[in-house]
Amino acid sequence: MHILSANDLSLNDINKIFLIADQISSGKSFKVKKFLTLFFEKPSTRTRLSFEVAIARLGGSSSYIDSSTTHMSRGESIEDTSKILGLYSDFIAARLYNHKDIKTMAEYSSAQVINSLTDLEHPTQALADVYTMKKYKKLKSGKVAFIGDIAANTANSLMLVASKFGMKISLIGPKKYNPNSGIIKIAEENNKDFNINITDSIKEGVKDADFIYTDTFVSMGQEVEAENRKKLFAPYQLNSSVLKIAPSAKVMHCLPAHRGEEITSDILDGKQSIVWEQARNKLIINEALLVFISSNKK
Ligand code: CP
Ligand code: NVA
């Protein structure tokens, strides 16, 4: 199977991945002696290294390819490139600008493709996010408030995973800045009781939240809009006045953080922050995901 969207995984699949992750955390070791190619068009610190470490721990190996060093930079097509990557690899973890390219990659490659971030989704992040939340709250009765860029890839994948568990979701962002309606429709189809509140009021959106999540105001690929986006989202910074509304909420961020923009340092480093645990769980979840998909071939 390919993981192009968080929705490619059923609730049952996700629970299996979480169970494998728990086993890994308790010291169980798995073997997946396969080759993983990381094909990245955008920078990465966490996703890249966590996949590299994960496959090494499993007894497999990997190679990181910055797409700008390949013949794609000289015009070789995504289709031909994908065919070649598939000839040499069992898995491809790809970080691409356009979501449609990851679909093309899966179509043309014989390897199993894992979306490692596109403009639309960041499925492996959402798995690590919800796995982290599970330690703190029974998911079915949990509420996550996403504040800031509510149309971000991280918000999209989070909605898809959280909806499967029946979590309440609140999206808090500027008036007239809309979340992705296609993703919301899928989340609604995932769960007939899907409970989403979209608001420009921080007070209304954050109230009763168990988790408050934010991401950068300027995602990779949006650099030309940086100044406008920073102005637009500035009132939605995650800071101490937001936490006063939900005093026991845990603070989450996929990282990298832009301290002083979407989140203040005191909150990122504060008592309620679980961001470092969230980052650590990317390693456990990516390892568990590789174990899971190696026994779920196409
Ligand atoms: N959260 C995340 O995907 O981080 P990187 O961009 O460093 O991989
Ligand atoms: N929304 C961010 C996530 C980074 C991990 C981006 O796409 O740049």
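Worth saying up front: this structure is predicted, and the values here are computed from it rather than measured. Every chain is numbered independently, its residues counted from 1 as its sequence is written. Chains and ligands are labelled sequentially in the order written, the chains with letters from A and the ligands with numbers from 1. Selection of residues for local features in this predicted model requires a pLDDT of at least 70, selection of side-chain atom pairs for listing and counting requires 80 or more, and totals for whole chains, interfaces and linings are taken over all residues. Note: side-chain values were computed over all heavy atoms of the structure, leaving out hydrogens and water.

(A) Quick peek at the site of ligand 1. Only a single heavy atom is needed: when it lies within 4 Å of a molecule or strand, its residue is near that molecule or strand. Surrounding ligand 1, one finds Ser44, Thr45, Arg46, Thr47, Arg95, His122, Gln125, Cys254, Leu255 and Lys282. Within 3.5 Å is the distance limit for a polar contact, defined as a pair of N or O atoms, with the added protein rule that one can donate a hydrogen and the other accept it, and that residues adjacent in sequence qualify only through two side-chain atoms. For ligand 1, an oxygen atom lies 2.8 Å from a polar atom in the side chain of Arg95. For ligand 1, a nitrogen atom lies 2.9 Å from a polar atom in the backbone of Cys254. Side-chain classes are defined by residue name, with Ala, Val, Leu, Ile, Met, Phe, Trp, Tyr, Cys and Pro counting as nonpolar, Asp, Glu, Lys and Arg as charged, and the others, Gly among them, as polar. Grouping the amino acids of the shell around ligand 1 by side-chain chemistry returns 2 nonpolar, 5 polar and 3 charged.

(B) Highlighting the packing of helix α5 (residues 123–134) against helix α6 (residues 153–164). Where α5 contacts α6, the axes come no closer than 8 Å and their chain directions differ by 55°. When the axes of α5 and α6 are compared, the pair comes out oblique. Relative to α6, α5 is oriented so that their crossing is right-handed. In contact with Pro123, Gln125, Ala126, Leu127, Asp129, Val130 and Met133 of α5, α6 contributes Thr154, Ser157, Leu158, Val161 and Ala162. A per-class count over the contact of α5 with α6 returns 8 nonpolar, 3 polar and 1 charged. The axes are straight lines fitted to the C-alpha atoms, using for helices just the contacting stretch, and the angles between their N-to-C directions are given from 0 to 180°. Every helix listed is a DSSP run of H or I at least four residues long, and every strand listed is a run of E at least two residues long, numbered separately from the N terminus. Between 65 and 115 degrees an angle is taken as roughly perpendicular, under 35 as roughly parallel, over 145 as roughly antiparallel, and anywhere else as oblique. We call a crossing left-handed when the near helix sits turned anticlockwise from the far one by less than a right angle, and right-handed when that turn is clockwise. Note on definitions: a residue-residue contact is assigned when non-hydrogen atoms from the two residues lie within 4.5 Å.

(C) Representation of the site of ligand 2 in the model. Around ligand 2 lies a shell formed by Leu117, Asn153, Asp215, Thr216, Ser219, Met220 and Leu255. In this structure, Asp215 approaches ligand 2 through a side-chain N or O atom, which is 2.6 Å from a nitrogen atom. Here a nitrogen atom of ligand 2 sits 2.7 Å away from a polar atom, N or O, in the side chain of Ser219. A breakdown of the residues in the shell around ligand 2 according to their chemical character gives 3 nonpolar, 3 polar and 1 charged.

Structural measurements only, silent on function.
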